[in-house]
Amino acid sequence: MTAIPQERRVVTAIPGPKSVELQARRLATVAAGVGSTLPVFTARAGGGIIEDVDGNRLIDFGSGIAVTSVGASAEAVVRRASAQLADFTHTCFMVTPYEGYVEVCEQLAELTPGDHAKKSALFNSGAEAVENAVKIARAHTKRTAVVVFDHGYHGRTNLTMALTAKNMPYKHGFGPFAPEVYRVPVAYGYRWPTGAENAGAEASAQAIDQITKQIGAENVAAIIIEPVLGEGGFIEPAKGFLPAIAQFAKDNGIVFVADEIQSGFCRTGQWFACEDEGIVPDLITTAKGIAGGLPLSAVTGRAEIMDAAHAGGLGGTYGGNPVACAGALGAIETMRELDLNGKAKRIEEVMKGRLAEMRSKLPNGGVIGDIRGRGAMIAIELVKAGTKDPNPEAAAQLAKACHAEGVLVLTCGTYGNVLRFLPPLVIGEDLLNEGLDVLEQAFAGV
């Protein structure tokens, strides 16, 4: 699979001297607004390992934020993208088209939920996909309002910042934002006032009530939700919530959009997370895991909705770049051949088992308030012991301790108190367990 030895190795401080040197060069020329979780500079990566310029090998529990699900140098991705690179890098699909774009759209029609006729349009980034989904929904419905949810994240462009819930670091100081965006409650089970068992029914009733009273269902073009909320803290809406919202959308001629940018392509143990409760979205947005690390995104949906935009109304210079399309076909080939849905389910089994064990060893669960997620999209919400008060300090402390020992973990959550785990789906079980050993040791220091 990869030439990089699949073993953790820490030979210098992290970051090491060469990374420190590169960081100085970076600070001189890269805008300060572009952050990094851990300033170790990557030399190569593959399988479950990132190797830095100092020769340290880190266990990767981030996958470039759920992008390198098939590994950072998957054979089929490299093979297909290299062949395409040799043929041509670009023509612009809107000038002279090419087969790779069509093939990706055929795969998306086959893989996404529902057996209705489907069409797709390809773009570069998740934010672009979401923005185009809104354009398509507005063209189809001739309505303007867009409904999103508490704790949701949809991107960093002007419209997608408006759709995103969290102020820092995504929105602060960047307004004014696009109008006609409305936010309603989501069924966040762990924090629902009357308990997780009531969250699905109560939150959907509240959301529907707000939409009908404050916006008017007849004014809503689209309802957009992540089936597992990513940056908001890997929140799985309580059971019953998504079906109720999807049904409300259907009953009122509203386009239901599943934002599967972080949760799609085998990440949750299914091709798409919305399949868990049998949701068939009208439109689905994908990116991240679609192309093995190459920039590609898509909007896929009901043919009659997708065709609502006038000719020339959708596109972009690089949208569906031929090399990225080749990479996507290689990534999908890998997902099928290696049964990465099965691998994701096994990762969930291992991780949830180990995390539950860690919690049981802490007095009353200690700082671990909640263990949640599906497949290889798992998180722990950290709280002040004995309460549900968010504990972002513990999240930062644990991440720092893991980084120092050569395990790359990420944080997220509206309150900054969630440690999230997004290992490549091809990670070896020994590496997975070793990374969890390091995390377990880190808890001793919190």
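Residues numbered from 1 in each chain as written. Predicted model: local features only at pLDDT ≥ 70, side-chain atom pairs only at ≥ 80, totals over all residues. Heavy atoms only, no water.

What about the packing of helix α3 (residues 75-87) against helix α10 (residues 322-337)?
Part 1: Taken N-terminus to C-terminus, the directions of α3 and α10 make an angle of 155 degrees; their axes are 7 Å apart at the nearest point. Relative to α10, the element α3 lies roughly antiparallel. The way α3 lies across α10 gives a crossing that is right-handed. Note on element contacts: α10 touches α3 through P322, V323, A326, G327, L329, G330, A331, E333 and T334, opposite A76, V77, R79, R80, A81, Q84 and L85.
Part 2: By residue class, the composition of the contact of α3 with α10 is nine nonpolar, four polar and three charged. (Axes fitted to C-alpha atoms, helices over the stretch in contact; angles between N-to-C directions. Helix = DSSP H or I, 4+ residues; strand = E, 2+ residues; numbered from the N terminus. Parallel < 35°, antiparallel > 145°, perpendicular 65-115°, else oblique. Left-handed = near helix turned anticlockwise from the far one by under 90°. Contact = heavy atoms within 4.5 Å. Nonpolar A, V, L, I, M, F, W, Y, C, P; charged D, E, K, R; others polar.)

Remarks on empty space enclosed by the protein
Part 1: Counted under the stated rule, the structure contains three cavities of 30 Å³ or more.
Part 2: Its residues assigned to classes, the lining of the largest cavity comprises five nonpolar, no polar and five charged. (1 Å grid on protein atoms, 1.4 Å probe; cavity = no way out; pocket = protein on both sides within 12 Å on 5 of 7 lines; lining within 4 Å. Points joined across faces, edges and corners; volume = space filled by probe spheres on them.)

A short note on the pairing of strand β8 (residues 255-259)
Within a regular strand, the side chains alternate between the two sheet faces.
Part 1: Burial analysis of β8 places five of its five residues in the buried class, the great majority of the element.
Part 2: Of the two faces of β8, the one carrying V255, V257 and D259 and the one carrying F256 and A258 are both buried.
Part 3: Pairing of strand β7 (residues 220-225) with β8, which is carried by four bridges, proceeds in the parallel orientation. Across the sheet, the residue bridging to I224 is V257, located in β8.
Part 4: Assessed by its sense of winding, the connection that carries the chain from β7 through helix α8 (residues 241-251) to β8 is right-handed. (Buried < 20%, exposed > 50% of the residue type's maximum accessible area, 1.4 Å probe, protein only. Pairing = 2+ DSSP bridges. Right-handed = clockwise from strand over helix to strand, strands pointing away.)

Overview of the pattern of salt bridges
Part 1: Following the criterion strictly, the structure yields 27 salt bridges and no others.
Part 2: The partner of K239 in a salt bridge is D276, with the nearest N and O atoms 2.9 Å apart. Pair noted here: K239 is in the loop between β7 and α8 and D276 is in the loop between β8 and β9 (283-286), with a separation of 37 residues, a long-range link.
Part 3: Each of R354, E357, K361, D437 and E440 takes part in salt bridges that share partners, so that together they form one network. (Salt bridge = Lys/Arg side-chain N within 4 Å of Asp/Glu carboxyl O.)

Remarks on the nonpolar core
One broad trend across soluble globular proteins is that nonpolar side chains are buried collectively.
Part 1: Grouped together as the largest cluster of nonpolar side chains are 122 residues, with contacts concentrated most on I223, L382, F421, L439 and F443.
Part 2: Not counting residues up to four positions away in its chain, the partners in contact with F421 are F61, F234, M351, L355, A376, M377, I378, A379, I380, V409 and L439. (Core = buried A, V, L, I, M, F, W, Y, C linked by side-chain atoms within 4.5 Å.)

A word on the side chain of R354
Part 1: Assignment of secondary structure puts R354 in helix α11 (residues 340-361).
Part 2: Residue class for R354 comes out buried when judged on its relative accessible area of 12%.
Part 3: With residues up to four places along the chain from it excluded, the contact list for R354 reads N433, L436, D437 and E440.

Description of the environment of A326
Part 1: On the secondary structure map, A326 appears in helix α10.
Part 2: Take A326: its relative accessible area is 10%, and that puts it in the buried class.
Part 3: Excluding residues that lie within four positions of it along the chain, A326 makes contacts with R80, A81 and Q84.

Quick notes on the sheet that holds strand β4 (residues 118-123)
Part 1: If you walk across this open sheet you meet the seven strands as β4-β10-β9-β8-β7-β5-β6, and the pairing is mixed. Of all the strands in the sheet, just β4 and β6 (181-184) have a single pairing partner and so form its edges. For this sheet, the mean inter-axis angle between neighbouring strands, taken without regard to orientation, is 20 degrees.
Part 2: Strands β4, β9 and β10 (297-302) of the sheet are contacted by helix α4 (residues 99-111), whose axis makes an angle of about 130 degrees with β4.

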